[in-house]
Amino acid sequence: MDHVPRPEPSHPEPSHTGPTGGLTAAQRDAYLDRIGLPDPGAPSPRALARLQLAHLRTVPFENLDIHLGESIVLDPAALLAKVVTRRRGGFCYELNGAFAQLLTSLGYRVGLLAARVFDGERLGPPFDHLALRVDLDEPWLADVGFGRFSHHPLRLDERGEQADAEGAFTLTPTGTDGDLDVLRDGTPQYRLGPRPYELADFAPTCRWQTTSPDSHFTRSTTCTLLTADGGRATLSGNRLITTTPAGERTERPLTEDEALAAYRTRFGITLDRLPSLPALPG
């Protein structure tokens, strides 16, 4: 990943593009309908929490387009069309990129933050993950694009444990450039930078994630969604994995027809064929 350039910050403060945030009133309402939430009202921590939880329960984290031969385009209109019109999910750049549009259209001040994901003790490349800074009376970390993560936004300036249904989260300064390590139950999840970027700044790493044989996104298919009771449903390859809120896990293989039905009934995704893994170099 050393060949992927690291752009300079595009603006010094979180962007705010006005009360509609580039979305028409009809697009905003369609997005709220997509996540099954009525107009949440004026920006507030409580409303932001409702929006994030509703998004996590209705829009799956998935990488299926990579294995369906479809391009992933980091363009606001394309993300809106995929998530809202086509009622699909996506991975971090798509989900948080689209969610930022919705939040901005509702009057929130939103910045796109770059993070490096931990793989054990090893850090991924710059722009490995996109998360959101949302400024209200205090700054919040909102994230609907990390798969298993906090159900509700986290206080960016809080250094103690923050309790969530998904675990205890801690934001710990690294001592370098204002970066924060985000930990769940003591395990580092990602290293978050403080500076906001434009969506286009994430494109080089997104392209690598979707095409390189070294990216875990090209090596397996995944589709996962938080369930209404706080559990989780995941379709990984042809294996359906369900987890209860208490952590009880069941797993079973599916036939092709069963997998297509599971995509439709559990994740709201209608496919005419299953995504297939590419032949990767040995």
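Residues numbered from 1 in each chain as written. Predicted model: local features only at pLDDT ≥ 70, side-chain atom pairs only at ≥ 80, totals over all residues. Heavy atoms only, no water.

S.K.: I keep staring at the packing of aromatic side chains and nothing clicks. Help me out?
M.R.: For any pair of aromatic rings, geometry is given as the distance between the ring centres together with the angle between the planes. Under the definition given, this model contains 12 aromatic pairs. Ring centres 5.2 Å apart and planes at 90° place the aromatic pair Phe 91 and Tyr 93 in the edge-to-face group. You'll find Phe 91 and Tyr 93 in the same group, each marked buried. Measuring from ring centre to ring centre gives 6.4 Å for Tyr 197 and Phe 202, while their planes differ by 80°; the resulting arrangement is edge-to-face. Tyr 197 gets classed as buried once you look at its relative accessible area, which sits at 3%. Residue classification places Phe 202 among the buried positions, given a relative accessible area of 0%. In this structure an aromatic cluster arises from ring pairing among Phe 61, Phe 91, Tyr 93, Phe 127, Tyr 197, Phe 202 and Phe 217. (Phe/Tyr/Trp six-rings, centres within 6.5 Å; stacked < 30°, edge-to-face > 60°. Buried < 20%, exposed > 50% of the residue type's maximum accessible area, 1.4 Å probe, protein only.)

S.K.: I would appreciate a short explanation of the pattern of salt bridges in the present structure.
M.R.: Applying the stated criterion to the full structure yields 11 salt bridges. Residue Arg 28 pairs with Asp 29 through a salt bridge whose shortest N-O separation is 3.4 Å. For Asp 29, a relative accessible area of 41% corresponds to the partly exposed category. The closest approach of N and O atoms between Lys 82 and Glu 94, which form a salt bridge, is 2.6 Å. Of this pair, Lys 82 sits in helix H4 (residues 76-85) while Glu 94 is found in helix H5 (residues 92-105), placing the two residues 12 residues apart along the sequence. Assigned by exposure class, Lys 82 and Glu 94 land together as buried. (Salt bridge = Lys/Arg side-chain N within 4 Å of Asp/Glu carboxyl O. Helix = DSSP H or I, 4+ residues; strand = E, 2+ residues; numbered from the N terminus.)

S.K.: In this structure, what is going on with the environment of Phe 202? I would like to understand it.
M.R.: Summarising the element assignment, Phe 202 is placed in the loop between strand E10 (187-197) and helix H6 (203-211). Expressed as a C-alpha distance, the spacing of Phe 202 and Pro 126, which sit 76 residues apart in the sequence, is 9.1 Å. In this view, Phe 202 contacts Leu 74, Tyr 93, Leu 112, Leu 113, Ala 114, Phe 127, His 129, Leu 130 and Tyr 197; residues no more than four positions away in its chain are not counted. (Contact = heavy atoms within 4.5 Å.)

S.K.: What should I look at first to understand the confidence of the model for the protein in this one?
M.R.: Predicted coordinates in regions of low pLDDT should not be interpreted in detail. The pLDDT averaged across the protein works out to 91; a share of 90% of its residues lies at or above 70. For residues 1-20, every residue scores under 50 in pLDDT, and the model assigns this stretch 50 contacts once sequence neighbours within four places are set aside. (pLDDT = per-residue confidence, 0-100.)

S.K.: Honestly, unusual backbone geometry in this entry has me stumped. Any pointers?
M.R.: If you check the backbone angles, Arg 87 has positive phi at about 55° while not being a glycine. Within the fold, Arg 87 resides in the loop between H4 and H5. The class of Arg 87 is partly exposed, set by a relative accessible area of 37%. Not every positive phi belongs to a glycine, and Asp 177 is a case in point at roughly 55°.

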